[in-house]
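# Examination of the molecular architecture
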Amino acid sequence: MKEIIAVIRINKVNATKKALIDAGIPAFTATGRVMGRGKGQVHYDILRGAEAGHPEAIAQLGNAPRLVAKRIVTVVVPDELCKTAIDTIIQTNQTGNPGDGKIFVTPILETIRVRTGEEGDAALN
Amino acid sequence: MLMIRTIVRPEKVYDVMQGLLDAGYPSITKISVVGRGKQRGLRVGDVVYDEIPKEMLFTVVPNTDKDFVVRAILDNAKSGAEGKFGDGKIFVSAVEEVYTISTGEREADPSIPVKEA
């Protein structure tokens with residue numbers, strides 16, 4: 001079992017939900033109100049404005065990378081669905097600009113369904 | 001790669017984040033959480049608060065940088081020189097794969113030498 005933790009744009013959450021259902025992965029957890037920063041890449045218009053010496057653009061740049069609101073989407077899938085889930089999330093969320101997010105894949109040792117006490121892959125479907 | 005999850009006091013978050021930025025780790029995600037620890041929450045007179053607000057910081061780093069990043073967090077997250085109850089915890093877990101969505105590429109851990117095919 002793998003846990004796929006994806007940090008994505010807020011406006012892509014609904015599209016990601018739909019795409020994951022179509023890919024056969026209905027189970028899904030989203031965390032609201034997550035703030036984050038990446039390598040500090042900013043919008044090109046602001047950068048160009050700052051280079052041209054506009055004071056508003058320079059003020060927007062600031063010293064440190066700004067915190068940007070994102071959503072975290074967590075999916076736990078059996079090993080064989082891992083690749084599908086990653087490809088689906090990348091296809092749905094890719095705009096090609098900095099800030100599209102990251103996907104982390106971590107191992108899960110055990111899954112237990114609370115209602116029945118089932119363990120392992122049986123608890124996932 | 002390793003995921004470092006840190007639970008810190010809300011008033012220390014920006015110190016820790018600035019410390020990580022200065023140490024060269026700008027990428028981080030912050031979530032507001034509530035929780036309790038070994039002290040079973042906070043007792044003020046007869047009132048017990050067992051859900052204390054904290055902030056959780058997520059960051060994923062190369063394997064070899066773990067000790068350095070943990071040290072950078074510890075230096076900034078402690079209250080006073082000695083530290084106090086409620087300063088938080090750091091959890092480190094394994095991350096097998098990392099992808100950047102904008103390029104769709106899998107990120108390699110820079111600390112692991114690439115095998116020639």
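Residues numbered from 1 in each chain as written. Chains lettered and ligands numbered in written order. Predicted model: local features only at pLDDT ≥ 70, side-chain atom pairs only at ≥ 80, totals over all residues.

## Notes on the interface of chain A and chain B
Going by this rule: Placing C-beta atoms from the backbone, we regard two residues as in contact once those atoms come within 7 Å. In this description a helix means any DSSP run of H or I spanning at least four residues, a strand means any run of E spanning at least two, and both kinds are numbered starting from the N terminus. The pairing criterion is simple: DSSP has to find at least two bridges between the two strands.
Contacts between chain A and chain B engage 31 residues on the former and 21 residues on the latter. Counting residues per element, the side of chain A that touches chain B draws most heavily on strand E4 (residues 101–107) of chain A, at seven residues. Judged from the four bridges that link them, E4 of chain A and strand E7 (residues 97–100) of chain B form a sheet pairing that is antiparallel. Along E7 of chain B, the bridge assignment pairs Lys102 of chain A with Thr100 of chain B.

## Thoughts on the sheet that holds strand E6 (residues 89–94) of chain B
Test applied: Axis definition: a line fitted to C-alpha atoms, limited for helices to the stretch in contact. Angles are taken between N-to-C directions and run from 0 to 180 degrees.
Across the sheet, which stays open at both edges, the ten strands sit in the order E6(B)-E1(B)-E5(B)-E2(B)-E2(A)-E3(A)-E1(A)-E4(A)-E7(B)-E8(B) with antiparallel pairing between neighbours. With partners counted over all chains shown, the strands left at the sheet margins are E6 and strand E8 (105–107) of chain B, one partner each. Recorded for the sheet is a direction-independent mean angle of 30 degrees between the axes of neighbouring strands. Sheet analysis places strand E1 (residues 2–8) of chain A next to E4 of chain A, joined by seven bridges and oriented antiparallel. Within E4 of chain A, the position partnered with Ile4 of chain A by the bridge is Val105 of chain A. Of the strands in this sheet, E1, strand E2 (29–37) and strand E3 (68–77) of chain A are in contact with helix H1 (residues 13–22) of chain A, which crosses E3 of chain A at around 15 degrees.

## Considerations on the pairing of strand E2 (residues 28–35) of chain B
Of the strand pairs in this sheet, E2 of chain A and E2 of chain B are connected by three bridges, and their pairing is antiparallel. Counted as the bridge partner of Arg37 of chain A is Ile28 of chain B from E2 of chain B. With seven bridges joining them, E2 of chain B and strand E5 (residues 52–61) of chain B adopt antiparallel strand pairing. Bridge pairing in E5 of chain B places Val33 of chain B opposite Lys54 of chain B.

## Some points on the confidence of the model for chain B
Where the model shows low pLDDT, its predicted coordinates should not be examined in detail. Cut-off, in case you're wondering: Residue-level confidence of the predictor, termed pLDDT, takes values from 0 up to 100.
Averaged over all residues, the pLDDT of chain B is 89; the fraction at 70 or higher stands at 98%. Taken over the whole predicted complex, pTM reads 0.78, whereas the ipTM for its chain interfaces reads 0.75.

## A closer look at the pairing of E3 of chain A
All names here are of chain A. Direction of pairing for E1 relative to E3: antiparallel, over a ladder of seven bridges. In the strand pairing of E3, Val7 is matched with Ile72. Pairing analysis gives six bridges linking E2 to E3, with the strands arranged antiparallel. Along E3, the bridge assignment pairs Val34 with Lys70.

## Notes on helix H2 (residues 66–77) of chain B
Just so we agree on the cut-off: To estimate how far a helix should extend, the number of its residues minus one is multiplied by 1.5 Å.
The end-to-end C-alpha separation of H2 of chain B is 16 Å, in line with the 16 Å expected for twelve residues at 1.5 Å each. As for H2 of chain B, its buried residues are in contact with strand E1 (2–8), helix H1 (13–22), E5 and E6 of chain B.

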